Amino acid sequence: MNRIRTDILILGSGGAGLLAALHAHKADPRLHITIAVKGLLGKSGCTRMVQGGYNVALAAGDSAERHFMDTIEGGKWLNDQDLAWTLVTTAQQRIRELENEWGCFFDRNADGTVHQKAFAGQTFDRTVHKGDLTGIEIVNRLAEQVWARGINRLEEHRALALIRSVDGSAVAGVLLLDLRTGGFTLVEARAVLLATGGGPTMYKYHTPSGDKSCDGMAMALRLGLKLRDMEMVQFHPTGLMAGPDTRITGTIIEEGLRGSGGHLLDNAGERFMLRYDARAERATRDIVSRAMYEQMRAGRTGPNGGVFLTMKHLDPASVRAMFKGMVERCADVGFDLVSGLVEVTPTAHYMMGGVRFALDCTTALPGLFAAGEDTGGVHGANRLGGNGVANSTVFGGIAGASMARWLGEHGARVEPDLGQAEAAVAAATAPLGGDKAADLDDIRCALYDAMWNDAGVIRDGAGLERAENTLHVLDVQLAATRIPAEPREFNMAWHDWLNLKNLILVSRAIVAAAQAREDSCGAHFREDFLKEPDPAGASFTESHLVGDTIRVARRPVAFTRVRPGESLLKGAA
Ligand SMILES: Cc1cc2nc3c(=O)[nH]c(=O)nc-3n(C[C@H](O)[C@H](O)[C@H](O)COP(=O)(O)OP(=O)(O)OC[C@H]3O[C@@H](n4cnc5c(N)ncnc54)[C@H](O)[C@@H]3O)c2cc1C
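These numbers come from a predicted model, not from an experiment.

## Points about the overall build of the chain
Looking only at helices and strands, one finds 14 helices and 20 strands in the chain. Taking 573 residues into account, the globule formula puts the C-alpha radius of gyration at 25 Å, and the chain, at 23 Å, falls close to it. Projecting the C-alpha coordinates of the chain onto the three principal axes gives extents of approximately 60 × 50 × 45 Å. Burial analysis of the chain (573 residues in total) assigns 62% to the buried set. By sequence separation, contacts in the chain at least 24 residues apart represent 75% of the contacts at least 6 residues apart. Total accessible area on the chain is roughly 20,400 Å²; 51% of this is exposed by carbon and sulfur atoms. Side-chain charges in the chain split into 62 positive and 69 negative, and the spacing between the mean points of these groups amounts to 2 Å.

Here you go:
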């Protein structure tokens, strides 16, 4: 096992990882900072895929208080309110920093102010964007800034396990697997940031980038850390439904389409959302996804099994101008977004749940920090569109500064537990040794179906129990699957195996938390427990791994800034 040393090791190079590197470097340029990333820096993860944009209260008439209330009400009062307040207030600084310090250009109004568009679930048009492909602008500029600072990069290196110190009291490093060589590297670090971006890619229809397999959450579970709100998986309403033979099925077309007046229709042409919510297509993602799923279950679908999005009642020139990227994406798979019908399905998009973390991005394990989609608590039961990239850039920046500060105060390097690192190598190499290419497709498809049908948009006790049993069977099957040990370089079947291992573990955490929550709240909808909990008694789930069992507890939400029935907006309670 190769061994290297760094001061700060950042896992992941999305919005959270890149901002963390830049802020840590700014706080103390002498620090040796390393970013290890499973893909390529600047080309991997979901921040690059951000389409619609970035929520922030900038315009006259909007306020951090209003953004906060939208976030809390969208989150069904399950949010950690101090985290949510940090999100909305720091976003106001971060957006200016992204423009003025890191060089991002966002679209502007004729008077030079930043243009902000409508997103669902918001009482104000506050989504800052660069056309309809905002993430490319953000990640390209941030990656350039990271390159310019000479921050150390380990690209195509996947983190396999967080390694504790010999006495177990702190994190001492991370075991990495180099995809290019198949070799192992133990990076000893004084501080580690988990920023691998969650990503519910265990569902049949999903949006996140292919490099994401919940690795951060799986590593945190194995380390014994607590994760909150794992049952809260967000389904985005408008995933493209282009048939089974294309990977574009499940990828999204953006929320601004509904925000700017797009309609959803069933196969008879009925605008069914009017029956579900006064806001119709602009209702929050959970409500729209559920209504769509009900049409699909009842068979009121198009040829591929989805429902339809249409913009044809709107001005074609403005649809073309505002949604150029989306128009082209739809055309690529034969749909006419401007004047026709686009077949769509709810698609697993985002995990509101994740590692429990504090305002300064510390976790329960000294030296280990977390930020971005790997964390839980900011969004509660439902994330507003536009709050995801705000979350990763806000808390990534905080984590960077916080790690630099922490190193100044608790700087001593601790010895890694080599026994733990060797055990992690043994676990990762366990499947190697077969003599023919393993076909993991059956396991993957069974996982997709189990999670989609039994732990997806609409759930019940019987389905969740079925999912629990299926996940157990799949875990056993996976353990028995052998992968040829050669070549070690880019052995993608091996990486697939490792991905599935993590996805099955995190799926078990989703199912266990969904079983523990016997109510319907935000993204979590139980057909056998339709009652919404009283927000005044809101509680979140907290899951952790004990031996091979996932234990789930319910904890009361602390209303640190506003109580249900009250508002931070004057005269609005
Ligand atoms: C198609 C799409 C559109 C979206 N649009 C919007 C939008 O308009 N507005 C919005 O607010 N949010 C949007 N989101 C959500 C948003 O992208 C995420 O909330 C956010 O960007 C996540 O940032 P992150 O830094 O936590 O993770 P990511 O940006 O996903 O980065 C994760 C990084 O971790 C790396 N990684 C993963 N596993 C490992 C491992 N084992 N070892 C090392 N590295 C690893 C990955 O390669 C990647 O570099 C969208 C998401 C998708 C998928």
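## Observations concerning the pattern of salt bridges
Taken as a whole and assessed by the stated rule, the structure comprises 42 salt bridges. Residue Asp-7 pairs with Arg-190 through a salt bridge whose shortest N-O separation is 2.8 Å. Of this pair, Asp-7 sits in strand 1 (residues 2-11) while Arg-190 sits in strand 9 (residues 184-194); the two residues are 183 residues apart in sequence, bridging distant segments of the chain. Each member of the pair Asp-7 and Arg-190 is classed as buried. The salt bridge partner of Arg-108 is Glu-99, with a shortest N-O separation of 2.4 Å. By relative accessible area, which is 17% here, Glu-99 ends up buried.

## A closer look at the site of the ligand
Contacts to the ligand come from 40 residues, most closely from Cys-46, Thr-47, Gly-53, Asp-211 and Lys-212. Within the backbone of Ser-13, one N or O atom sits 3.1 Å away from an oxygen atom of the ligand. The separation between a nitrogen atom of the ligand and a polar side-chain atom of Asp-215 is 2.7 Å. In isolation the ligand exposes 1,000 Å². Once the protein is present, 99% of that is buried. Going through the elements one at a time, helix 1 (15-27), strand 2 (33-37), strand 7 (157-164), strand 14 (341-351) and helix 10 (387-409) are the ones with two or more residues in the shell around the ligand. Per-element accounting of the shell around the ligand gives the leading share, four residues, to helix 10. For the shell around the ligand, the per-class residue count stands at twelve nonpolar, 21 polar and seven charged.

## Structural notes on the packing of helix 12 (residues 441-454) against helix 14 (residues 492-516)
Each pair of packed helices gets described by two things: the angle between the helix axes and the distance between those axes. At their nearest, the axes of helix 12 and helix 14 sit 11 Å apart, and the two run at 20 degrees to each other. Accordingly, the angle class assigned to the pair helix 12 and helix 14 is roughly parallel. Crossing handedness for the pair helix 12 and helix 14: left-handed. Two secondary-structure elements touch here, helix 12 through Ile-443, Arg-444, Leu-447 and Met-451 and helix 14 through Asp-496, Leu-500, Leu-503, Ile-504, Ser-507, Ile-510 and Val-511. Tallied by class, the residues present in the contact of helix 12 with helix 14 amount to eight nonpolar, one polar and two charged.

So, how was this worked out
- Residues numbered from 1 in each chain as written.
- Predicted model: local features only at pLDDT ≥ 70, side-chain atom pairs only at ≥ 80, totals over all residues.
- Heavy atoms only, no water.
- Helix = DSSP H or I, 4+ residues; strand = E, 2+ residues; numbered from the N terminus.
- Rg over C-alpha atoms; globule rule 2.2 N^0.38 Å.
- Buried < 20%, exposed > 50% of the residue type's maximum accessible area, 1.4 Å probe, protein only.
- Contact = heavy atoms within 4.5 Å.
- Areas by Shrake-Rupley, 256 points an atom, 1.4 Å probe, with all protein chains shown as cover.
- Lys, Arg positive; Asp, Glu negative; His and termini not counted.
- Charge placed at Lys NZ, Arg CZ, Asp CG, Glu CD.
- Salt bridge = Lys/Arg side-chain N within 4 Å of Asp/Glu carboxyl O.
- Near = heavy atom within 4 Å.
- Polar contact = N/O pair within 3.5 Å; in protein donor to acceptor, adjacent residues only side chain to side chain.
- Nonpolar A, V, L, I, M, F, W, Y, C, P; charged D, E, K, R; others polar.
- Axes fitted to C-alpha atoms, helices over the stretch in contact; angles between N-to-C directions.
- Parallel < 35°, antiparallel > 145°, perpendicular 65-115°, else oblique.
- Left-handed = near helix turned anticlockwise from the far one by under 90°.

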